[in-house]
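Chains, contacts and geometry: an overview
As a plain string of letters, each chain reads:
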Amino acid sequence: MMRLTKNHFYITAWALIFNYSCSQSADKKATIATDSLSTVATVPDSAAFKATIAGKQVGLFVLKNKNNVTAAITNYGGRLVSLLVPDNKGKLTDVILGYDSLKSYQKPREPYFGAIIGRYGNRIAKGKFSIDGKAYQLDINDGVNTLHGGFKGFYAQVFDAKQLSTNELELTYVSKDGEGGYPGNLSVKVHYILTDDNALKITYEATTDKPTVLNLTNHAYFNLNGAGSKTITDNQLQINADRFTPVDNTLIPTGKLQPVKGTPFDFTAFKTIGTDIGQTDDQLKNGKGYDHNFVLNKPSLTAAVATVKSPVTGIVMDVYTDEPGLQFYSGNFLTGDKHDGKHGAAYGYRSALCLETQHFPDAPNQPSFASTLLKPGQIYKTTTIYKFSAK
Ligand code: GLA
């Protein structure tokens, strides 16, 4: 007992010294507490992201605002690797699932952590669509469908990166005519902007030289209890959506817009995510939980379309977008079978959620859904904001 207490004293003293020296030595480091361990929230070592892929330089870019909120982004897949935001005690907490090195992002079946998704966020049935009577066939990478751009979507492409200031990164990419089966040379520009009101703003712009379809989004996996914490089912969620798009068992929308009222999909008022997730419901069965597109009542960049709250850290995330839809995915395919996450974390079943702002899945084949067609001469433009506070 005596020995244990002594050891405990030494461990605590060591932890205090370690914490102090880290917060003093590197300004990219900050002290945090997750729900499990007292540890140090850092962005990964940028050396672990240095590489040349297809003749392009890959690296890690760090943005910071005046409150020390910090975002780390790699131009491999345009991925948000870390986002450190203050909890209700003012301690910085990393709320994004990700990896410590570029290598892990390149492994097969990596779950799109933090990636810019293109050309088409979410699924297109059987990977087929037509424009002006011409049929196109995309990669089939998700059962019988195409998902998130196919086998080498933007999540696996190297963007050109230009850090414009301490709080803004510009990423550009030219997707060649025929890439993944999509028509047209497509020029894409994405900006990550970390504002002083603790918001991460993502803007997307694109032009094409042939008619094509486009649906860009970001695939950040959030855990407001702190990345590496066990579950998000204790988080509260509100989505300003009276309807959602029900899906078949391959997660392709049926084309209907179903009212959420009286279903487990009613998040019009704050609800703990775990409340209804285990209900017997055909849609929950098809999604293996929540993996559905919500029809936003009022897309807006000034009034939140969705809000998540953590009961552990008090962190609140407000989502703003001008997109008509929001895919709420409750991390049903995460398995946590490897300790390959940041700082050795195992990202288990439902240990994160995604709120992917988007046009509706399979819109190219669903005439009643808002069109995702982009023609030469048009400019595709969309913005999403994830804003953080703590209570
Ligand atoms: C999206 C999809 C999910 C799943 C994840 C990645 O959110 O809707 O079904 O494929 O991406 O695993």
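Everything here concerns the structure above.
Below is a short write-up of the structure. (Residues numbered from 1 in each chain as written. Predicted model: local features only at pLDDT ≥ 70, side-chain atom pairs only at ≥ 80, totals over all residues. Heavy atoms only, no water.)

**Notes on the sheet that holds strand β22 (residues 258-259)**
The five strands are arranged β22-β21-β24-β27-β28 in an open sheet whose pairing can be described as antiparallel. Of all the strands in the sheet, the pair left with one neighbour each is β22 and β28 (354-358). Here five bridges tie strand β24 (residues 291-295) to strand β27 (residues 325-329), and the two strands are oriented antiparallel to one another. Across the sheet, residue Val295 finds its bridge partner in β27, namely Gly325. (Pairing = 2+ DSSP bridges. Helix = DSSP H or I, 4+ residues; strand = E, 2+ residues; numbered from the N terminus.)

**So, the layout of surface pockets**
In this structure, the largest pocket occupies an estimated 990 Å³ of space. Along the wall of the largest pocket there are 38 residues; nearest its centre are Pro108, Arg109, Glu110, Pro111 and Tyr112. Of the residues in the lining of the largest pocket, the class split is 17 nonpolar, nine polar and 12 charged. (1 Å grid on protein atoms, 1.4 Å probe; cavity = no way out; pocket = protein on both sides within 12 Å on 5 of 7 lines; lining within 4 Å. Points joined across faces, edges and corners; volume = space filled by probe spheres on them. Nonpolar A, V, L, I, M, F, W, Y, C, P; charged D, E, K, R; others polar.)

**Here's the deal with the pattern of salt bridges**
In a structure, side chains of opposite charge can pair up when their charged atoms sit close to one another. Summed over all chains, the structure comprises six salt bridges. With a closest N to O distance of 2.7 Å, Asp94 and Lys342 form a salt bridge. In this pair, Asp94 sits in strand β8 (residues 92-94) while Lys342 sits in the loop between β27 and β28, placing the two residues 248 residues apart along the sequence. The class for Asp94 is buried, based on a relative accessible area of 9%. Lys342 sits in the buried class, given a relative accessible area of 4%. (Salt bridge = Lys/Arg side-chain N within 4 Å of Asp/Glu carboxyl O. Buried < 20%, exposed > 50% of the residue type's maximum accessible area, 1.4 Å probe, protein only.)

This is a description of form; function is not addressed.
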